[in-house]
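An overview of the molecular structure
Listed below are the residues making up each chain.
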2 protein chains.
Amino acid sequence: MAVYTDVSDEALQDFLADFAIGDLVSFRGIAEGVENTNFQLRTTEGDFILTLYEKRVNARELPWFLGLMQHLAREGVTCPQPVADRRGETLKTLAGRPAAITTFLPGVWPRTVRGEHCRPLGRALAQLHAAGRSYAPERANALGPTAWAPLLQSCAGGANTVQPGLQAELEQALARIVPAWPGHGGNPTLPRGQIHADLFPDNVFFLNHGVSGLIDFYFACTDYLAYDVAICLNAWCFQPDGAFNVTFARQMLLGYEEVRKLDEAECYAMPVLAQGAAMRFLLTRLYDWINTPADALVTPKNPLDYLKRLRFHLATQTVGGYGL
Amino acid sequence: MAVYTDVSDEALQDFLADFAIGDLVSFRGIAEGVENTNFQLRTTEGDFILTLYEKRVNARELPWFLGLMQHLAREGVTCPQPVADRRGETLKTLAGRPAAITTFLPGVWPRTVRGEHCRPLGRALAQLHAAGRSYAPERANALGPTAWAPLLQSCAGGANTVQPGLQAELEQALARIVPAWPGHGGNPTLPRGQIHADLFPDNVFFLNHGVSGLIDFYFACTDYLAYDVAICLNAWCFQPDGAFNVTFARQMLLGYEEVRKLDEAECYAMPVLAQGAAMRFLLTRLYDWINTPADALVTPKNPLDYLKRLRFHLATQTVGGYGL
């Protein structure tokens, strides 16, 4: 459920009057998405998405996100495009929230990942990385390695209520992952750039066996490109039963390397990057699991799905474990 | 939130292959609606709604509902039209649920009811009643007066946990409403026909100051036409602060009477019908309030909103209290 904030008719009419995009035809809340409120908007001119940014998004960062999306589109990446109003503004206010209208993308996100999705996914991820290279402004990754220990602390021992011993297991994993992180201490650093940082299947639309668009850039940031690959290994390559599908991973990496080769240091670091990615999603899910009120609109996701992934990556020695 | 059941890509492709409605372009869950799962579906031929019927809908009754919608459309009422597959079937199965594709209706439902909505609403309701007259099959109202005492019983005294004294207040109201109900004992009966029975603002789309369509017929049944009017008095004519807006009611009734005159018995019965309508929604909300698990996808609606309405109608003596 994604309609946290509803919009009155008058407010919507006033808002749309600022834009030269025709008259309102249809307006329906979209169920997908957990961070922001999204509406599918149709006017006499076409289809759009209206997004109200909820409290997890820092309003001051929205120009960076919208600018990235505009830049990526100019570089050939299909992603939602902010629509400017009659004054040229894209970031506006509606129902007390920062709000933007973006273009509508055709396509369907895969409910079940199949092998055929993974190679196009890898290509699209590398194209995103290549296109982002010329977007100069940087945004730090607020959920990077330095955030993990404080995030675990903020769960105040709640980990053990989810599974006995989880707190100690996560502390031990952090003690292993953080010192091994690229750039930490004397470790070699890796190529950096703009990464999506949340490229799960529900953010990738497919049409006619190809990727038709990437959406939801509101975790995007400037970080190691290979970390984005490691996030996709977590998000796309584990089966519903928790098993790692090395064929999916190999296809994804082959697709990526069609566009951008991973260098030696990136390949070497892939296991620790994948461990870190599993840790990042485990910790935010753990936090949400412990802190979501029982009457919340969104049911939190089980953090333990990511404990299985974390253990798998901790046991993986080389990028060969991912099929490359 | 309305996506109770998600649909795999393969299942969707197989399902759509049965229809001659073009190729899949877009598929997104709709947030509105609490009973069934709805997706906005776009194909190369146009826009549709895909509905999966969840457990509250009795699958054996679906042909009655779909038949009513087809009949109403033939009679000029704009409502979703079931789309037949290549074999002529409209009711099918998808993801283990009964499923149907219906046409997409333009328009926006009013988040805030304004006076200008009420006259077109009244006209649309009367047009629905007129059009339904020639649909012969009947469906009993499963939530009519005989259902109310058992529904209150099934809450097992939970009413008092919502508000002290509520159980006794509802029992007293039932003891007054049920014997006064049209057709009960020696009471005069009223004109019967097909009623929508759930015509809340989110089921009425407006466009260019007129009603562009009515949706969600899955509570429709054969009952007193004036009871549908009484439901709309409850659903449309109370302000967010709980006050009754007699101007809205008058506009709605005037709109209704442009198409179909209320007879003397209907006018006389309006207060008790409105009491019954308030009772019906109060009781189902009370039941949901008590029985909804804390982690449910849908947040139940507060039953006490309808206690205020019930008290108002119990204090109303004549249809003049509704502005007519």
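Basis of the calculations
Residues numbered from 1 in each chain as written. Chains lettered and ligands numbered in written order. Predicted model: local features only at pLDDT ≥ 70, side-chain atom pairs only at ≥ 80, totals over all residues. Heavy atoms only, no water. Helix = DSSP H or I, 4+ residues; strand = E, 2+ residues; numbered from the N terminus. Rg over C-alpha atoms; globule rule 2.2 N^0.38 Å. Buried < 20%, exposed > 50% of the residue type's maximum accessible area, 1.4 Å probe, protein only. Contact = heavy atoms within 4.5 Å. Areas by Shrake-Rupley, 256 points an atom, 1.4 Å probe, with all protein chains shown as cover. Lys, Arg positive; Asp, Glu negative; His and termini not counted. Charge placed at Lys NZ, Arg CZ, Asp CG, Glu CD. Phe/Tyr/Trp six-rings, centres within 6.5 Å; stacked < 30°, edge-to-face > 60°. Lys NZ or Arg CZ within 6 Å of the ring centre and 35° of its normal. Least-squares fit on C-alpha atoms with pLDDT ≥ 70 in both. Pairing = 2+ DSSP bridges. Axes fitted to C-alpha atoms, helices over the stretch in contact; angles between N-to-C directions. Polar contact = N/O pair within 3.5 Å; in protein donor to acceptor, adjacent residues only side chain to side chain. Buried area = accessible area lost by both parts, 1.4 Å probe. Salt bridge = Lys/Arg side-chain N within 4 Å of Asp/Glu carboxyl O. Nonpolar A, V, L, I, M, F, W, Y, C, P; charged D, E, K, R; others polar. Domains from an automatic or database assignment.

Here we look at the overall build of chain A
Of the regular secondary structure elements, chain A holds 10 helices and nine strands. Computed over the C-alpha atoms, the radius of gyration of chain A is 20 Å, within 12% of the 20 Å expected from 2.2 N^0.38 for a compact globule of 324 residues. In chain A, which comprises 324 residues, the share counted as buried stands at 57%. Relative to all contacts within chain A whose residues are 6 or more apart in sequence, the contacts with residues 24 or more apart total 73%. In the structure as shown, chain A presents an accessible area of about 13100 Å², 52% of it carried by carbon and sulfur atoms. Here chain A carries 27 positive and 33 negative side-chain charges, and the mean point of each set is 4 Å from the other.

A short note on the packing of aromatic side chains
Residue and element names in this part refer to chain A. Tallied over the full model, the rule gives 32 aromatic pairs over all chains. An aromatic cluster is built from Y53, W64, F65, Y135 and Y218, whose rings are joined through pairwise contacts. Here the guanidinium or amino end of R111 rests over the ring plane of W109, the centre of that ring lying 3.9 Å away.

Topic: the relation of the copies chain B and chain A
Superposing chain B onto chain A takes a rotation of 180 degrees combined with a translation of 0.0 Å along the rotation axis, leaving an RMSD of 0.0 Å. Overall, the copies show the geometry of a two-fold rotation axis. Looking at the interface residues of chain B, 100% of them are also at the interface in chain A, so both copies use one shared face.

Observations regarding the sheet that holds strand β3 (residues 46-52) of chain B
All names here are of chain B. Pairing within the open sheet is antiparallel, and its five strands lie in the order β1-β2-β3-β5-β4. The open sheet has two free edges, formed respectively by β1 (24-29) and β4 (92-94), since each of these has just one partner strand. Adjacent strand axes in the sheet meet at a mean angle of 35 degrees when their direction is disregarded. Relative to strand β5 (residues 97-103), β4 runs antiparallel, the two sharing three bridges. Across the sheet, residue T93 finds its bridge partner in β5, namely P98.

Examining the sheet that holds strand β1 (residues 24-29) of chain A
Residues and elements named next belong to chain A. With antiparallel pairing, the five strands of this open sheet are ordered in space as β1-β2-β3-β5-β4. Of all strands in the sheet, those bounded by a partner on one side alone are β1 and β4 (92-94). Neighbouring strand axes in the sheet, compared pairwise and without regard to direction, differ in orientation by 35 degrees on average. Pairing between strand β2 (residues 37-43) and strand β3 (residues 46-52): seven bridges, direction antiparallel. Bridge pairing links N38 to T51 in β3. Set on the sheet, helix α1 (residues 9-17) makes contact with β1, β2, β3, β4 and β5 (97-103); between it and β4 the angle comes to about 165 degrees.

A closer look at the side chain of B:T43
All names here are of chain B. Along the chain, T43 falls in strand β2 (residues 37-43). Of note is the side chain of T43, whose polar atom sits 2.9 Å from the backbone nitrogen of E45. Excluding residues within four positions of it along the chain, T43 makes contact with I21, G22, D23, L24, V25 and F48.

What to know about the interface of chain B and chain A
Opposite the 39 residues of chain B that make contact, chain A presents 39 residues. Carbon and sulfur atoms supply 47% of the area that chain B and chain A bury against each other, a total of about 3200 Å² over both sides. Of all residues in chain B, B:D9, B:R28 and B:R111 give up the largest surface area on contact with chain A, accounting jointly for 21% of the area buried on that side. Here chain B and chain A share eight salt bridges between them. Note that B:D6 is salt-bridged to A:R111, the shortest N-O span being 3.0 Å. At the surface where chain B touches chain A, the tally comes to 16 residue pairs in polar contact (both at pLDDT 80 or more). Secondary-structure elements contributing two or more residues to the side of chain B that touches chain A are α1 (9-17), β1, β2, β3 and β7 (204-207) of chain B. Here the side of chain B that touches chain A gets six residues from one element, more than from any other, and that element is β1(B). Tallied by class, residues from the side of chain B that touches chain A come to 21 nonpolar, eight polar and 10 charged.

Observations concerning unusual backbone geometry
Located in the positive-phi region is A:N208, a residue other than glycine, with phi close to 50 degrees. The residue A:N208 is located in the loop between β7 (204-207) and β8 (210-214) in this model.

Structural notes on the domain arrangement of chain A
One frequently used descriptor of interface size is the decrease in accessible area upon assembly of the parts. Residues and elements named next belong to chain A. Split by domain assignment, chain A resolves into domain 1 (9-103) and domain 2 (115-322). Taken together, the 22 residues of domain 1 in the interface contact 22 residues of domain 2. Surface buried jointly by domain 1 and domain 2 totals about 1900 Å² across both partners, of which 69% is contributed by carbon and sulfur atoms. Contact with domain 2 buries surface across domain 1, with W64, F65 and H71 losing the most and accounting together for 31% of the total. Counting across the interface, domain 1 meets domain 2 through one salt bridge. Its salt-bridge partner being E61, residue R139 comes within 3.0 Å of it at the nearest N-O pair. Linking domain 1 to domain 2 there are nine residue pairs in polar contact (both at pLDDT 80 or more). For the side of domain 1 that touches domain 2, the class distribution of residues is 14 nonpolar, four polar and four charged.

Section: the pattern of salt bridges
Residue and element names in this part refer to chain B. Per the stated rule, a full pass over the model turns up 32 salt bridges over all chains. Put simply, R97 and E54 hold a salt bridge, and the shortest N to O gap is 2.7 Å. Of this pair, R97 sits in strand β5 while E54 sits in the loop between β3 and α2 (62-74), placing them 43 residues apart in sequence. With a relative accessible area of 27%, R97 lands in the partly exposed category. Measuring nitrogen to oxygen at the nearest pair gives 3.7 Å for the salt bridge that ties E257 to K261. Of the residues examined, E257 reaches a relative accessible area of 17% and is grouped as buried. Look at K261 and you get exposed, because its relative accessible area is 62%.

Here we look at the pairing of β5(B)
Residues in a regular strand point their side chains to alternate faces of the sheet. One ladder, built from five bridges, connects β3(B) with β5(B); its direction is antiparallel. Its bridge partner being in β5(B), B:F48 is matched across the sheet by B:T103.

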